[in-house]
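# Fold and contact review
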Amino acid sequence: MTIDEARLCVDALRKEIEHHNQRYYQEDNPSITDAEWDALMRELISLETQFPELQSPSSPTQRVGASVSEGFVKVEHQIPMLSLSNAYSTEELLEFDRRVRQVVGDEVRYVCELKIDGLAVSLRYEQGRLVRGATRGDGEVGEDITSNIRTIRNVPLELTEPVTLEVRGEAYMPKQSFLRLNEQREQQGEPLFANPRNAAAGSLRQLDPRVAASRRLGVIVYQLAEASEYPVERHSEALEYVRSLGLPANGERKLCADIHEVIEYIDEWSEKRRSLSYATDGMVIKVDDMVLQQELGFTAKSPRWAIAYKYAAEQATTTLRRIDLNV
Ligand SMILES: CC(C)(CNC(=O)c1ccc(Oc2ccccc2)cc1)c1ccc2c(N)nc(N)nc2n1
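First things first, this report covers the structure right here in the doc. (Residues numbered from 1 in each chain as written. Predicted model: local features only at pLDDT ≥ 70, side-chain atom pairs only at ≥ 80, totals over all residues. Heavy atoms only, no water.)

### Some points on the site of the ligand
Where we set the bar: Residues are labelled near a given molecule or strand when at least one of their non-hydrogen atoms is within 4 Å of it. Here a polar contact is taken to be a pair of N or O atoms separated by no more than 3.5 Å, where protein atoms must pair a possible hydrogen donor with a possible acceptor and residues adjacent in sequence count only if both atoms sit in side chains. Here the open area of atoms and residues is found with the Shrake-Rupley method and a 1.4 Å probe, where only the protein chains shown may cover a residue. What counts as a helix is a DSSP run of H or I of at least four residues, what counts as a strand is a run of E of at least two, and both are numbered from the N terminus. The residue classification treats Ala, Val, Leu, Ile, Met, Phe, Trp, Tyr, Cys and Pro as nonpolar and Asp, Glu, Lys and Arg as charged. All others, Gly included, are polar.
Surveying the vicinity of the ligand reveals 15 residues, the closest of which are Pro80, Leu82, Glu113, Gln223 and Lys286. Backbone polar atom of Leu82 to an oxygen atom of the ligand: 3.0 Å apart, as the coordinates give it. Between the ligand and the protein, one listed contact pairs a nitrogen atom with a side-chain N or O atom of Gln223 at 3.4 Å. The protein chains hide 79% of the 670 Å² of surface that the ligand would expose on its own. For the shell around the ligand, the secondary-structure elements that each account for two or more residues are β8 (218-227) and β10 (280-287). The residue inventory of the shell around the ligand, partitioned by class, reads ten nonpolar, two polar and three charged.

Written out as C-alpha cells, the structure reads:
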C-alpha cells in the first residue's frame, strides 16, 4: 500500500470511528457492536504504526494513554464554576420568576435544560485542540483529569474551527454502562456504585486512563464559559455555537416564552426522562438573554438568573434493577 492509499484509509477510518462515537450517545441510533468498533480501531492503529508520518494528536487512537498518573494536578478555574440554587415546587419556580421580572421586566424568556445526574467538568480548547479537562472541585480550584477526559468518545479531540474557548458540562455514565459495571463488580465481589453519578465520579478519578476508557462515559455541554470569538448575546445561541464546533450540547432543552411554558416543559419530562439513556435529576431554567443575566448578577455562589427544579427524588431503591433505569 502506498502512503497516499494509506492516507485515504486513515482519513476514512478516523471519520467512521468518530461518527460511531457520536452515534453511541444518541439513544435511538443503534451504533455498531463493540467488536466491530474495536476492529476499526485495530486497523487504524496498524496503519498509523506502518506509516508514522500519518499519526496525529487528534486521531481516535490517541484517546487512551498508557501512562498511569501518580495523582491529579490542581487547576485554577479562570472563570469560577458556580452552582445552582434549587427549587422543589411550582411555587418556588413562580417566586424565582417574580424576582427575575422585578429586576428585568416582563419580557424575559427562559431556556430549560434537563439536568443530568453526573459531575461538572470543564473542557479547554486552544486553537481548536483539546488541551485540558478538569473537575469542578470547589468551583475555584479543580483537578486536571485531561487524560481521562480524552477517553470520553463524544468529547472531540479537535473542534471544527481553530478557536480557543472553555466550556462546562456534565460528565455522566449512561444507564446501560452503569448496570453493566455494577454487574461486573457484583461478580468480582467488589462494592457496587449507588448511582450513575457516583460511578461517573469514580471513573474520572481513576489514575489509569484505560480504566476510565472502559467505563464508556459521556459529556453534555451546558455552558460556553470563555470564547475568543463570536460574542453571543443569548444562552441558546451559545449552545448552538458550541454544537456547530462539534461539541455534544444536544441535551433535551427548550426556549420558553414565560414561566408557565417552563412548568409545562418540566411536567412533560417528569416521566419521559426515564426513557433517556442517561440519568437526570431535574430541569435547569436560565434567563436566555445574556444582557439580562448581567443585570441580575450573582449571589455568593450561584447566578440569580438560573435555578434547578429538582424532580421528587427517586424512591429509595434496594435492588439494582429498580433504580428507574427502565431496563
Ligand atoms: C448556570 C451554571 C451555574 C453554569 N454557569 C456558571 O458556572 C457561570 C460561572 C461564571 C459566570 O460569570 C462569571 C464570570 C467571572 C466571575 C464571576 C462570574 C457565569 C456563569 C450551571 C451549573 C450547573 C448546571 C447543570 N448541572 N446543568 C445545566 N444544564 N446547566 C448548569 N448551569
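There's plenty left to go through after this.
### A closer look at helix α5 (residues 175-187)
Let me state the cut-off plainly: By definition here, a helix of n residues has an expected span of 1.5 Å times n minus one. For the exposure calls, accessible area comes from a 1.4 Å probe over protein chains only, and a residue counts as buried if that area is under 20% of its type's maximum, exposed if over 50%, partly exposed in between. Note on contacts: a residue pair is in contact if any heavy atoms of the two residues lie within 4.5 Å.
Between the first and last C-alpha of α5 there are 19 Å, a value that for 13 residues agrees with the 18 Å anticipated at 1.5 Å per step. Taken together, the buried positions of α5 are Lys175, Ser177, Phe178, Leu179, Leu181, Asn182 and Arg185. Buried residues in α5 make contact with α1 (3-24) and α6 (196-204). Gly189 sits one or two residues past α5 and shows a positive phi near 70°.

### Structural notes on the packing of aromatic side chains
Inclusion rule: Here is the rule: rings of Phe, Tyr and Trp (six-membered ring for Trp) pair when centre to centre is within 6.5 Å. Planes less than 30 degrees apart are stacked, more than 60 are edge-to-face, and the remainder are tilted.
If you walk through the whole model with that rule in mind, you get four aromatic pairs. Measuring from ring centre to ring centre gives 5.9 Å for Phe96 and Tyr110, while their planes differ by 40°; the resulting arrangement is tilted. Of the two residues, Phe96 sits in helix α3 (residues 90-104) while Tyr110 sits in strand β3 (residues 110-116), which places them 14 residues apart along the sequence. Residue classification places Phe96 among the buried positions, given a relative accessible area of 1%. On the accessibility criterion, Tyr110 (0% relative accessible area) is buried. Measuring from ring centre to ring centre gives 5.3 Å for Tyr172 and Tyr278, while their planes differ by 55°; the resulting arrangement is tilted.

### Things to note about unusual backbone geometry
Phi is positive for Gln127, which is not a glycine, with a value near 45°. Within the element layout of this structure, Gln127 appears in the loop between β4 (119-126) and β5 (129-135). Judged by relative accessible area, which is 55%, Gln127 ranks as exposed. The residue Arg216 is not glycine, and still its phi comes out positive at about 50°. As for its position among the elements, Arg216 is in the loop between α7 (209-214) and β8.

### A few points about the pattern of salt bridges
Rule in force here: One speaks of a salt bridge when a side-chain nitrogen belonging to Lys or Arg is within 4 Å of a carboxyl oxygen belonging to Asp or Glu.
A full pass over the atoms with the stated rule returns 29 salt bridges. Measuring nitrogen to oxygen at the nearest pair gives 3.1 Å for the salt bridge that ties Lys310 to Asp281. Separated by 29 residues along the polypeptide, Lys310 in strand β11 (residues 306-310) and Asp281 in strand β10 bring together distant segments of the chain. The pair Lys310 / Asp281 is uniform in exposure class, with both members buried. Residues joined by salt bridges that share partners form a network here, namely Arg124, Glu126, Arg132, Glu166, Arg168 and Glu226.

Honestly, it's all geometry; don't read function into it.
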